[in-house]
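Coordinate analysis (summary)
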Amino acid sequence: MPNGVSCAFFAGKNLIYGQKEGNVFKEGIAAAQTARTVDSAAKAGVIKAPLEITGKAAKLACKIVYPLIIMSGIYNTVKADDKVKTGAAQAGGIASMYAFEQTAERGLNSICKKISESGCVKNNKAARAALYVAKGAAFVAASLAGYNFGSKAAGGVVDAVRNKKSDNLIKKEFTETVLDKNQENAMKETEEDTFASFKL
C-alpha cells in the first residue's frame, strides 16, 4: 500500500486538478487519498485519531480509488474533442500506471525492509523518517512515469494508425486520379481514331 507521503501528494494533486477541470471524480480520488493519509499519520503517531475509524476509512478508500481513477478517465474522454485518442491515452495511462505502481510497491517494500533492519536506520528515528519519505517519493515517481509512458504510447498508436489510413487514402486517391486520367486519354484516342476512320 502507498504510504502517507504518496497519498498526501495524490490527494493534493487530484484536488487541485479536480477543481480546475470540474472533474468530480478527481475530487473523489482526493478524498480517498486524504483518508489514507490520515490513517497513515495516525498509525505513525503524527496525529491523534481513533485508529479503528481511520483504518476502516482507509480500507474503503483502497477499494474505491482505482474505480474512481477509471471514472475520471472516462470523464476526460467524454469531455475531449478527440475522444478516440483521449480514450486510448487514458486507458493506456491508467493500465501502465497500475502496472508500474504494483511493481514499484513490491520492489520498494523489499528494499526498504532490508534497509530498515540495518543498525544505522533501525535505531535512528531521523533515518527511519527519511526512508519513509524516500519510499513515498519513489512510489509517486513510478506512478507518474507509468501513466506518462502508457498514455503517450497509446496516443502514439492512434496517431500511427491514423497516419497509415491517411497515407492509404492519399495513395488510393492518387491511383484513382491516374486511372481516370488514363481512361480519359484512352477515350480521346478512341474518338480521334473513330473520327479519322470517318474521314477515310
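Coordinates for the structure precede this section.
A brief structural summary. (Residues numbered from 1 in each chain as written. Predicted model: local features only at pLDDT ≥ 70, side-chain atom pairs only at ≥ 80, totals over all residues. Heavy atoms only, no water.)

On to the packing of aromatic side chains. Counting across every chain of the model gives four aromatic pairs. On the numbers, 5.5 Å between centres and 75 degrees between planes, the contact of Phe9 with Phe10 is edge-to-face. Relative accessible area serves as the criterion here: at 9%, Phe10 is assigned to the buried category. Plain terms: the ring middles of Tyr66 and Tyr98 are 5.0 Å apart, the flat faces sit at 80 degrees to each other, and that makes the pair edge-to-face. Placement of the pair is Tyr66 in helix α3 (residues 51-79) and Tyr98 in helix α4 (residues 83-116), with a sequence separation of 32 residues. The partly exposed category is assigned to Tyr66, whose relative accessible area is 25%. (Phe/Tyr/Trp six-rings, centres within 6.5 Å; stacked < 30°, edge-to-face > 60°. Buried < 20%, exposed > 50% of the residue type's maximum accessible area, 1.4 Å probe, protein only. Helix = DSSP H or I, 4+ residues; strand = E, 2+ residues; numbered from the N terminus.)

Next up on the list: the packing of helix α1 (residues 4-21) against helix α2 (residues 24-43). Put simply, α1 and α2 touch, their axes get as near as 7 Å, and they point 155 degrees apart. It follows from the interaxial angle that α1 and α2 lie roughly antiparallel. α1 and α2 meet at a crossing whose hand is left-handed. Here Gly4, Cys7, Ala8, Phe10, Ala11, Asn14, Leu15, Tyr17, Gly18, Gln19 and Glu21 of α1 lie close against α2, whose contacting residues are Lys26, Glu27, Ile29, Ala30, Gln33, Thr34, Arg36, Thr37 and Ser40. (Axes fitted to C-alpha atoms, helices over the stretch in contact; angles between N-to-C directions. Parallel < 35°, antiparallel > 145°, perpendicular 65-115°, else oblique. Left-handed = near helix turned anticlockwise from the far one by under 90°. Contact = heavy atoms within 4.5 Å.)

Our focus in this paragraph is the side chain of Ser40. Note that Ser40 resides in helix α2. Residue Ser40 is classed as buried on the basis of its relative accessible area, which comes to 15%. Ignoring anything within four residues of it in the chain, the contact list for Ser40 reads Asn3, Gly4 and Tyr132.

Further remarks concern α1. Between its terminal C-alpha atoms α1 stretches 25 Å, which fits the 26 Å expected from 18 residues at 1.5 Å a residue. Along α1, the positions that sit buried rather than exposed are Gly4, Ser6, Cys7, Phe10, Ala11, Asn14 and Gly18. Along the axis of α1, the buried positions cluster into a sector of 150 degrees, meaning they face one direction only. Away from the buried face of α1 by more than 90 degrees, exposed residues Ile16, Gln19 and Lys20 are located. (Expected span 1.5 Å × (residues − 1). Arc of directions from axis to C-beta.)

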